[in-house]
Amino acid sequence: MAEGYDTTRFHSTIDESFLCCICLGVLQDPQQCENNEHYFCSGCIKKHLEKTSHSCPVCQDKLTVETLRKAPRIVAYCVSRYKISCDHAARGCDAVLELGALQAHVQDCDFMPVTCSNEGCDDVVSKRDVKQHELDLCRFKTTTCDDCGKKMPRYKYGAHGCVLRREMNEVKQGLVEIKATQDEMMKEMRNGMHRMTIAFENLQKSVNSKSTDIVVIAGRNPNTNQSLCSVERFNLLTQTWTQMPGLKKARAGSAAVMFKNQMFVCGGYSDYVIGGYLDTIEILDLNSIPAEWHKFFVNLPIKVTGHKCVVHGNRLLIIGGCMKSEENLDTIYELLLVPPYSSKLLCHMKKKRLSHGVELFYDKVLIAGGIGAEIDVEIFDIARNECVEMPPLPSPLSFMGTVRRGDTMLLIGGRGNGKTSNKIIEYDFKTGHSKVLLAMETERVGCSCVFRGNTLIVIGGTWYKPETVDCFDFLTNFWEKLPSMTQTKVSASTVVVNVENLEF
């Protein structure tokens with residue numbers, strides 16, 4: 001039976017006379033005691049009389065369900081004129097309407113939770129999104145094989161016999177084509193050194209004759225589990241590592257971004273064993289001489305680690321992560337990096353995520369995988385301030401590195417199904433198509449990644465030698481070893497700096 005409406009939902013000033021004397025909510029289906037006009041929700045007073053006593057809880061006069069009286073019509077009329085938010089406000093509905101019209105609106109609200117009708121799927125989505133989910137996104141959507149006509153859930157289609165046979169035939173045809181082009185392959189091998197020379201020249205051009213540095217910030221020593229303050233940079237042209245000024249506060253699991261030639265290091269944790277999550281931000285102004293880390297004017301709106309950050313205009317977006325007691329977050333916060341340095345909660349993602357992948361594409365943010373949402377992908381539309389589901393990843397993934405390459409996100413290494421991966425997955429931002437692009441020489445988890453020109457650089461993330469650095473040239477399709485970091489670290493953050501005559 002119904003109880004009173006929560007007073008926090010109302011956009012009108014509530015007269016205390018219209019509050020239920022039992023639940024203290026705004027009256028729903030108001031009833032009154034027989035003699036003294038004490039008002040109650042119908043559900044509240046009937047439950048009281050049936051299970052507790054046979055008297056009015058206010059005046060103690062004798063009262064039964066049979067002797068209850070309907071409240072005067074003026075009471076119900078006044079209550080019905082109050083302005084209230086929709087039952088589905090938490091799901092995104094911003095409608096505010098009179099209480100008397102609430103029930104009709106709720107029954108037809110676009111944000112009403114609806115269960116997917118596909119057999120085997122128990123996902124609950126908003127009414128307005130259910131058709132797109134059932135037809136385009138649901139893993140349990142029925143798919144028919146073009147060859148044999150068998151129907152099956154979409155997630156089983158890839159392992160279907162007809163599909164496997166087609167793929168095998170494609171492999172066989174590929175082998176025939178490879179054999180037919182052996183002469184060309186031999187020619188490519190003879191010209192390999194020439195291509196490597198061209199690749200190096202392209203790398204030099206891609207940095208525009210500037211000092212191009214990859215800066216690796218703080219992290220955790222895997223041998224002692226101690227968070228670090230150290231910062232070091234790698235110059236792509238000279239291929240040398242150099243120490244930079246250290247942070248004021250040791251931290252790992254932080255997020256780093258560039259804004260107006262300043263490095264921002266946000267959040268993270270100070271102690272691997274007991275947590276010590278941080279909301280502070282340290283910045284290094286590359287224009288100042290000597291450069292020195294100092295605390296930013298304001299803190300993040302929450303203490304968080306395992307989150308991701310991107311800069312859009314003058315705004316820092318803080319996406320997901322973990323708070324105290326390992327509570328994963330589905331939040332996207334905004335922090336202004338210019339006065340008045342205000343912050344606010346923008347929206348909630350479809351899934352709670354920790355150690356996920358994030359890349360900025362124009363005015364949208366592609367968010368993929370992570371603990372709690374290992375295969376789920378969504379896009380945060382900054383202009384519309386809402387998240388939209390995308391087709392899933394081909395396999396569960398968290399603790400991976402990511403970079404943007406054109407209109408695709410590359411997801412490098414990571415962990416899924418209890419295993420560490422050496423795969424690099426390409427996910428198309430526009431279409432949602434994904435595939436395994438290539439494989440690394442070793443598995444990596446929690447690595448830092450940079451994409452410059454036609455070169456992918458992968459830093460750390462191996463268990464046996466976490467300081468190692470590899471790069472892959474997309475022109476020559478070759479992996480190459482680069483000099484290792486000077487300090488062993490994991491859970492570090494990384495930025496790319498392009499400046500001339502940078503001195504520390």
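Before going into details, it helps to say that this report is about the structure given with it. Everything quoted here is computed from the prediction, not taken from an experiment.

A word on the packing of aromatic side chains. Under the definition given, this model contains 13 aromatic pairs. Where F234 meets W241, the ring centres are 4.9 Å apart and the plane angle is 40°; that geometry is what we call tilted. Considered together, F234 and W241 belong to a single accessibility category, that of buried residues. Here F296 and F297 contribute two aromatic rings whose centre-to-centre distance is 5.4 Å and whose plane-to-plane angle is 55°, an arrangement assigned as tilted. A connected cluster of aromatic rings, assembled from ring pairs, spans F259, F264, F296, F297 and Y341. Over the face of the ring belonging to F474 we find R405, whose NZ or CZ atom lies 3.9 Å from the ring centre. Note that R415 overlies the ring of F399, its terminal NZ or CZ placed 5.4 Å from the centroid.

For the rest of this paragraph, the subject is the sheet that holds strand β1 (residues 30–32). Read across the open sheet, the 3 strands follow the order β2-β1-β3; overall the sheet is antiparallel. Strands with a single pairing partner mark the edges of an open sheet, and in this sheet they are β2 (39–41) and β3 (69–70). Of the strand pairs in this sheet, β1 and β2 are connected by 3 bridges, and their pairing is antiparallel. What sits directly across from P30, in β2, is C41. Contacts from helix α1 (residues 42–51) reach β1 and β2, with the element oriented near 90° to β2.

Next up on the list: the environment of Q31. With respect to the helices and strands, the residue Q31 is situated in strand β1. Placed 45 residues apart in sequence, Q31 and A76 show a C-alpha to C-alpha distance of 9.6 Å. If we ignore the near neighbours within four places in the chain, the residues touching Q31 are H38, Y39, F40, S42, I45, L68, R69, K70 and A71.

Bridge count between strand β22 (residues 327–336) and strand β23 (residues 343–353): 6 bridges; the pairing is antiparallel. For T331, the partnering residue across the bridge sits in β23 and is H348. Linking β22 back to β23 in an antiparallel pair, the connection comprises 6 residues, with Y341 at a positive phi of about 55°.

With respect to the element layout, E327 can be found in strand β22. Sequence-distant contacts of E327, that is, excluding residues within four places in its chain, are made with G321 and C322.

Rules behind the numbers
Residues numbered from 1 in each chain as written. Predicted model: local features only at pLDDT ≥ 70, side-chain atom pairs only at ≥ 80, totals over all residues. Heavy atoms only, no water. Phe/Tyr/Trp six-rings, centres within 6.5 Å; stacked < 30°, edge-to-face > 60°. Buried < 20%, exposed > 50% of the residue type's maximum accessible area, 1.4 Å probe, protein only. Lys NZ or Arg CZ within 6 Å of the ring centre and 35° of its normal. Pairing = 2+ DSSP bridges. Helix = DSSP H or I, 4+ residues; strand = E, 2+ residues; numbered from the N terminus. Contact = heavy atoms within 4.5 Å. Axes fitted to C-alpha atoms, helices over the stretch in contact; angles between N-to-C directions.

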